[in-house]
Amino acid sequence: MLVEVAHRLRAVVRGSETVARVGGDEFVVVIEAPRAGPGRSGTPRQVAEQLADRIREELSEPVRYGPTAHSVSVSIGMIAAVPGRAAEDVLRDADIAMYRAKERGRNRVEVFDDLLRADLVERGRIEHLLRSALAGTGAAALSVDYQPVHDLDTGAVVGFEALARLCDARGGSVDPAVFVEVAESTGLITALGAAVLDAALAALVRRRARFPRERAWMSVNLSARQVQHGDIATTIGRALDQHGLRPGDLTLELTESVLLAAGSSAIRQLAELHESGVGIAIDDFGTGYASLSYLVALPVTVVKIDRSFTAGMASDPASATIVAAIARLSEELGLGCVVEGIESRRQLDALPAGLLGQGFLLGRPGPEPCSDWTR
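These numbers come from a predicted model, not from an experiment.

A.B. asks: If you had to explain the packing of helix 1 (residues 2-12) against helix 2 (residues 44-59) to someone new, which residues and values would you point to?
C.D. replies: The interhelical angle for the contact between helix 1 and helix 2, taken along N-to-C directions, is 140 degrees, at an axis separation of 10 Å. In terms of axis orientation, helix 1 runs oblique to helix 2. You can see that helix 1 and helix 2 cross each other, and the crossing is right-handed. Counting all contacts with helix 1, which are made through Val5, Arg8, Leu9 and Val12, the residues of helix 2 involved are Leu51, Arg54, Ile55, Glu58 and Leu59. By residue class, the composition of the contact of helix 1 with helix 2 is six nonpolar, no polar and three charged.

A.B. asks: Mind laying out empty space enclosed by the protein, listing which residues take part and the relevant values?
C.D. replies: Tallied over the full model, the rule gives one cavity of 30 Å³ or more. Its boundaries defined by the atoms lining it, the largest cavity holds a volume of some 30 Å³. For the lining of the largest cavity, the secondary structure elements donating two or more residues are strand 11 (250-255) and strand 13 (302-305). When the residues that make up the lining of the largest cavity are grouped by side-chain class, the tally is four nonpolar, one polar and two charged.

A.B. asks: Give a detailed account of helix 5 (residues 176-186), specifying residues and quantitative values.
C.D. replies: Residues of helix 5 that are buried include every one of Phe179, Val182, Ala183 and Glu184, and no others. In this structure, the buried side of helix 5 is in contact with helix 4 (114-135), strand 8 (157-168), strand 9 (173-174), helix 6 (189-210) and helix 7 (224-228). Sitting at the head of helix 5, Asp175 places a side-chain oxygen 3.0 Å from the backbone nitrogen of Ala177. Among the residues trailing helix 5, Gly187 stands out with phi positive, at a value near 85 degrees.

About the thresholds
Residues numbered from 1 in each chain as written. Predicted model: local features only at pLDDT ≥ 70, side-chain atom pairs only at ≥ 80, totals over all residues. Heavy atoms only, no water. Axes fitted to C-alpha atoms, helices over the stretch in contact; angles between N-to-C directions. Helix = DSSP H or I, 4+ residues; strand = E, 2+ residues; numbered from the N terminus. Parallel < 35°, antiparallel > 145°, perpendicular 65-115°, else oblique. Left-handed = near helix turned anticlockwise from the far one by under 90°. Contact = heavy atoms within 4.5 Å. Nonpolar A, V, L, I, M, F, W, Y, C, P; charged D, E, K, R; others polar. 1 Å grid on protein atoms, 1.4 Å probe; cavity = no way out; pocket = protein on both sides within 12 Å on 5 of 7 lines; lining within 4 Å. Points joined across faces, edges and corners; volume = space filled by probe spheres on them. Buried < 20%, exposed > 50% of the residue type's maximum accessible area, 1.4 Å probe, protein only. Polar contact = N/O pair within 3.5 Å; in protein donor to acceptor, adjacent residues only side chain to side chain.

Written out as structure tokens, the structure reads:
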């Protein structure tokens, strides 16, 4: 496949243009002083865009290998170099534009512009905040809030979800989805995950000291990188031992997309944790690559129904039907079922019996695991 792609790229470019494979399935095309000519016209940028479109067109033809034809798509990031910039910086910015093309649906061209540059600066700021928070230097603060999960029939608290928070020195907060993505892309997610896990388990120990008869569990979120890299089973086991907790005291939450991307090694580790008693929850169920086969093929113990279904449940019969169907399926399979995003009494009253739930109506996230809601 790579050889065929290389041949096609060479067929498209001119003799004054350079094609290179820089690793994996990534190629670079360098156009020196783009000029109009046969098949290309306009400004240098327009000439470059025409070449990018020609590359996409050339690679759209299936690649044949033996009796099989394989479809190929290409995501292209483009940048206009300026005098004095280091080649490494130019390649980095083109790479950023390429990943933006992937994020926006693939098989497209994205140009590195002022918006992407501002985004790069902001990501650099967030990375600095993360590093400062993890190092404890004072420029930023990492904290964990805890949102209760209730038995909706009795009102009893049965668990808590740990939610990471990042603030700068002035108290300004950073969107968790943003700083987690930055942590993943910079390799800081392992340290961030370890810090959140340690804080969450310590908070659960404090909760147990206050309510010794309560057996509420703590859930923490796992990202794709955490699942795919490293020995998750060993890390989790050591953390539980360090805090004197049992495997059943912890639930790991993974989104459908993370489970889809997990390799066989990661699935084996999740299965090992499941067998030891650690809970495994599918978060935001029904919004990604939902497949009912996950519920039987993967070591799942809890299904969390996404808040998008809860939001429309009181007024939209279809949403209510979906929630009820997932709840019945979970019960038949012997799985726990948590409804997320319960924010009104109407939503709560529309839910069938036998479910667990969390949301602002039941309890907002706070610095200590607590609950003041009763049915």
